[in-house]
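A structural walkthrough
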Amino acid sequence: AAHLTAWHAKRRGLPLAHAAAGPLQKLDIELAWNDPAAPELITRLRQVPGVNVTSSVSGDLQYLTVTPEAANKGAAVQRIAGALGIPLDHTLAFGDSENDLAMFKVAGVAVQVGEAECLQDAAHHRVSCSALGLPAWLAEYAEELARELA
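These notes cover the structure that comes with them. Predicted, not measured: the structure shown is a model, and the values here were computed from it. (Residues numbered from 1 in each chain as written. Predicted model: local features only at pLDDT ≥ 70, side-chain atom pairs only at ≥ 80, totals over all residues. Heavy atoms only, no water.)

1. So, helix α2 (residues 38–46)
Taken residue by residue, α2 has A38, I42 and L45 as its buried positions. Around the axis of α2, the buried residues are gathered within 70° of arc, so they sit on the same side. Exposed residues pointing more than 90 degrees away from the buried face of α2 are listed as P39, E40 and R44. (Buried < 20%, exposed > 50% of the residue type's maximum accessible area, 1.4 Å probe, protein only. Helix = DSSP H or I, 4+ residues; strand = E, 2+ residues; numbered from the N terminus. Arc of directions from axis to C-beta.)

Now the structure itself:
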């Protein structure tokens with residue numbers, strides 16, 4: 001458990017005071033999921049030009065992530081697909097929270113894992129959960145592709 005604590009501490013990044021030494025690449029904010037200040041904070045952060053703000057909930061905590069506008073999963077999918085010569089309409093993306101929305105917008109097929117309301121309009125397919133629904137969906141999708149290629 002001690003090694004996990006050390007890893008988690010490193011993953012959390014540096015104190016906000018260190019941001020003054022250079023450009024801020026990512027800011028993570030942890031709140032109680034029902035914190036009454038959260039909606040106003042999210043609204044105000046999203047008004048800041050040049051940044052991307054996403055939120056997710058895990059248990060009784062809400063996480064806000066603030067990154068430069070171009071630092072998102074959609075841009076990453078575009079860059080990786082481009083570098084590999086793969087057309088975007090041949091990409092498949094899986095996601096379960098708001099930070100996956102940009103990726104869903106560029107992927108050829110977007111699969112929502114779970115019930116995140118913010119992904120419902122962008123998802124092409126939905127599976128109930130990664131442990132149960134995803135393997136069955138993948139098997140069915142592979143069979144569908146095989147039929148199309150036959």
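2. A word on the environment of T54
With respect to the helices and strands, the residue T54 is situated in strand β2 (residues 51–58). Separated by 43 residues in sequence, T54 and S97 place their C-alpha atoms 8.5 Å apart. Aside from chain neighbours lying at most four places away, what touches T54 is R46, Y63, L64, T65, E98 and N99. (Contact = heavy atoms within 4.5 Å.)

3. Overview of a nonpolar patch on the surface
Residues I80, L84 and I86 make up a contiguous nonpolar surface patch of about 300 Å² in total accessible area. Note on placement: I80 falls in helix α3 (residues 73–84). (Patch = residues over 30% accessible without salt bridge, like charges linked within 9 Å, V, L, I, M, F, W, Y side chains within 5 Å. Areas by Shrake-Rupley, 256 points an atom, 1.4 Å probe, with all protein chains shown as cover. Salt bridge = Lys/Arg side-chain N within 4 Å of Asp/Glu carboxyl O.)

4. Description of the pattern of salt bridges
Between side chains of opposite charge, a pair can form when the charged atoms approach closely. In this structure the tally under the stated criterion is three salt bridges. Across the pair D28 and K26 runs a salt bridge whose closest N-O atoms are separated by 3.8 Å. Residues R46 and E98 are paired through a salt bridge, measuring 2.5 Å at the closest nitrogen-oxygen approach. Taken together, the residues R46 in helix α2 and E98 in the loop between β4 (92–95) and α4 (101–106) connect sequence positions 52 residues apart.

5. A word on the packing of aromatic side chains
The tally for this structure, following the rule as stated, stands at two aromatic pairs. Between F94 and W137, the ring centres sit 5.9 Å apart and the planes meet at 90°, which makes this aromatic pair edge-to-face. Here the residue F94 occupies a position in strand β4, and W137 occupies one in helix α5 (residues 133–149), the gap between them amounting to 43 residues. A residue is classified by how much of its surface remains accessible, and F94, at 29% relative accessible area, is partly exposed. (Phe/Tyr/Trp six-rings, centres within 6.5 Å; stacked < 30°, edge-to-face > 60°.)

6. Considerations on α5
The terminal C-alpha atoms of α5, which comprises 17 residues, lie 25 Å apart, in line with the 24 Å expected from a rise of 1.5 Å per residue. Buried within α5 are the following residues: G133, L134, W137 and Y141. All buried residues of α5 project into a common sector of 80° when viewed along the axis, lining one side. The inward-facing, buried residues of α5 contact β4, β5 (109–113) and β6 (125–127). (Expected span 1.5 Å × (residues − 1).)

7. Remarks on the pairing of β2
Where β2 lies against strand β3 (residues 61–68), eight bridges are found, and the strand directions are antiparallel. Across the sheet, the residue bridging to S55 is L64, located in β3. Remark: two residues form the turn of the hairpin made by β2 and β3, two consecutive strands paired antiparallel; G59 in that turn has positive phi of roughly 65°. (Pairing = 2+ DSSP bridges.)

8. Re the nonpolar core
One recurring pattern in soluble globular proteins is that nonpolar side chains are buried together. With 11 residues, the main nonpolar core is built from V77, A93, M103, F104, V106, A107, A110, A116, L119, A122 and A123. Element by element, the count of residues in this core is highest for α4, at three residues. Those residues within four positions of A110 in sequence are excluded, and the remaining contacts are A93, F104, A122, A123, H124 and H125. Of all hydrophobic cores here, the second largest spans eight residues; its members include I29, A38, I42 and V53. (Core = buried A, V, L, I, M, F, W, Y, C linked by side-chain atoms within 4.5 Å.)

By themselves, these figures tell us nothing about what the structure is for.
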